[in-house]
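# Summary of the model geometry
Residues per chain, in single letters:
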Amino acid sequence: MFNLFKYSSPATFYPLAGRLAVGFGIASAILLVIGLYMSFFVAPTDYKQGEGYRIMFIHVPAAWMSMLIYVVMACWAAAGMIWHTRLSSMMASSLAPTGAMFTFIALWTGALWGKPMWGAWWVWDARLTSELILLFLYVGFMALESAIDDPRRAARASGLLALVGVINVPIIYYSVQWWNTLHQGSSIKVVDGGVETSMSEIMVWTLLVMTFACWFYTIAVALCRVRSIILERESGASWVKALLQERK
Amino acid sequence: MLATLRCMVMRDLTLAMRHRSDVLTTVFFFIIVVSLFPLGVGPEAALLKEMAAGVVWVAALLASMLSLTRLFADDYNDGTLEQLLLVPQSLSLIVLGKVLAHWIISGLPLVVMSPLLGLQFGLEGDELMMLMVTLLLGTPVLSLLGAIGAALTLGLRGGGVLVSLLVLPLYIPVLIFGAGAVTASAAGMGADGHLSLMGAILLLALVLAPWASAAALRISVE
């Protein structure tokens, strides 16, 4: 029978993570090249937004990933709390920087997209505001983790914070949305759901390719990072010493 | 169960009464922060009236934040907290007692002071009432959520700054509905929806937050 917990031990996961990271890294690079080519040369010019809309092909995947990574991170944190596996919390902490990066990219490209389209770098729209709050949540997670010296306590404390955060994310999201509709009849609307229906098929494909490129990139980078974290935390273990001997 | 709760609340209140200046600091911080806004944005009455709810609410968030670090820190430093973790009564209940005491010390004075500050900003009758009601519903949530942050950052370097980083994003829904209720009632739209949502958040926090804080305390103290 396939043993789910075989790879929950850092010693067995370390080599597997190395192989997976290479695989996902190559896949991500290939998809990224295809996706970028499609988004610059194949996808047609938008009849309303001209060439400027092409920033969507990085903006939308980044925004999706920023939300997905937080949920995945919270799932790893929950797994770590339930089964007390060291690896789960390491996975959670290895995902956080990438999640924060994608949140930042989504905000930054959003600003770049917003300036020509709406005439403003930033509007207090529900989506933008909740994305900003998501960035704060990532920063809080990483700040808490780095403030605690004992790695076991750091992992458990930041895991708990991730869980508290993930319960709050929908509450924050809806409260921000209601706040926005109640406060201001915004003259600028972020048409995101509307984009999809009006998008031509090739645009949807490009978006999908870019999304998978970002997804695989996240997996590859998280696995690389978790390898470093494993080596750091398990530095006293005999298998790590044997590995280092081998490398010399 | 109630005896444990009562015992914890009375103990913390007694301790707070021995250091009355700590309690007053929070209240005066609240008043000062609110008073700074007119100096910053100018004395136009119409503008101030529009901002009043938001300003009072943000000041309340900051004030309750300021006193959070003291929630568990003193007990942690003198070893009482370790004893509390060992008692047979449920830790969540003990945390709830401490949070309740913290709210009475730092949240309730803000509720009581708020109409006075509202008057300074030109709010009237109904809006003042609404400001008070929202703070009454909202400040316990601040103490409850803040307890999780305070428990997680117990005994860390720069815990005070860190706790604000962790907790302020979680306060956002309370701020939105609290300030929103006052604005909505001022605009004549009725604030029932806001108040119901605040009540829902309060109940949710009341059930989940003590439990999460207890888990956080166990992580921090082990």
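Provided above is the structure to which this section pertains.
Residues numbered from 1 in each chain as written. Chains lettered and ligands numbered in written order. Predicted model: local features only at pLDDT ≥ 70, side-chain atom pairs only at ≥ 80, totals over all residues. Heavy atoms only, no water.

### Section: the environment of I105 of chain A
Residue and element names in this part refer to chain A. Take I105: it is sitting in helix α3 (residues 86-118). What makes I105 partly exposed here is its relative accessible area of 24%. For the pair I105 and I58, spaced 47 residues apart in sequence, the C-alpha separation works out to 8.3 Å. Other than its neighbours up to four places away in sequence, I105 contacts I58, A62 and G110. (Helix = DSSP H or I, 4+ residues; strand = E, 2+ residues; numbered from the N terminus. Buried < 20%, exposed > 50% of the residue type's maximum accessible area, 1.4 Å probe, protein only. Contact = heavy atoms within 4.5 Å.)

### Quick notes on the interface of chain B and chain A
It is common to give the size of an interface as the accessible area lost on bringing the parts into contact. In this assembly, 24 residues from chain B lie in contact with 27 residues from chain A. Summed over both sides, the interface of chain B with chain A buries roughly 2,400 Å², with 76% coming from carbon and sulfur. Three residues stand out in chain B for area buried against chain A, namely L152, L170 and I219 of chain B, and they jointly supply 23% of the buried area on that side. At the boundary of chain B and chain A, one finds zero salt bridges. Across the contact surface, chain B and chain A share three residue pairs in polar contact (both at pLDDT 80 or more). Top element by residues in the side of chain B that touches chain A is helix α8 (residues 159-186) of chain B. It accounts for nine residues. Its residues placed into classes, the side of chain B that touches chain A shows 19 nonpolar, three polar and two charged. (Buried area = accessible area lost by both parts, 1.4 Å probe. Salt bridge = Lys/Arg side-chain N within 4 Å of Asp/Glu carboxyl O. Polar contact = N/O pair within 3.5 Å; in protein donor to acceptor, adjacent residues only side chain to side chain. Nonpolar A, V, L, I, M, F, W, Y, C, P; charged D, E, K, R; others polar.)

### So, the packing of helix α6 (residues 91-120) of chain B against helix α9 (residues 192-221) of chain B
All names here are of chain B. α9 packs onto α6 with a crossing angle of 110° between their chain directions and a minimal axis gap of 8 Å. For the element pair α6 / α9, the angle class is roughly perpendicular. Only L206, P210, W211, S213, A214, L217 and R218 of α9 make contact with α6, whose side of the interface consists of L91, S92, V95 and L96. Of the residues contributing to the contact of α6 with α9, the split by class is eight nonpolar, two polar and one charged. (Axes fitted to C-alpha atoms, helices over the stretch in contact; angles between N-to-C directions. Parallel < 35°, antiparallel > 145°, perpendicular 65-115°, else oblique.)

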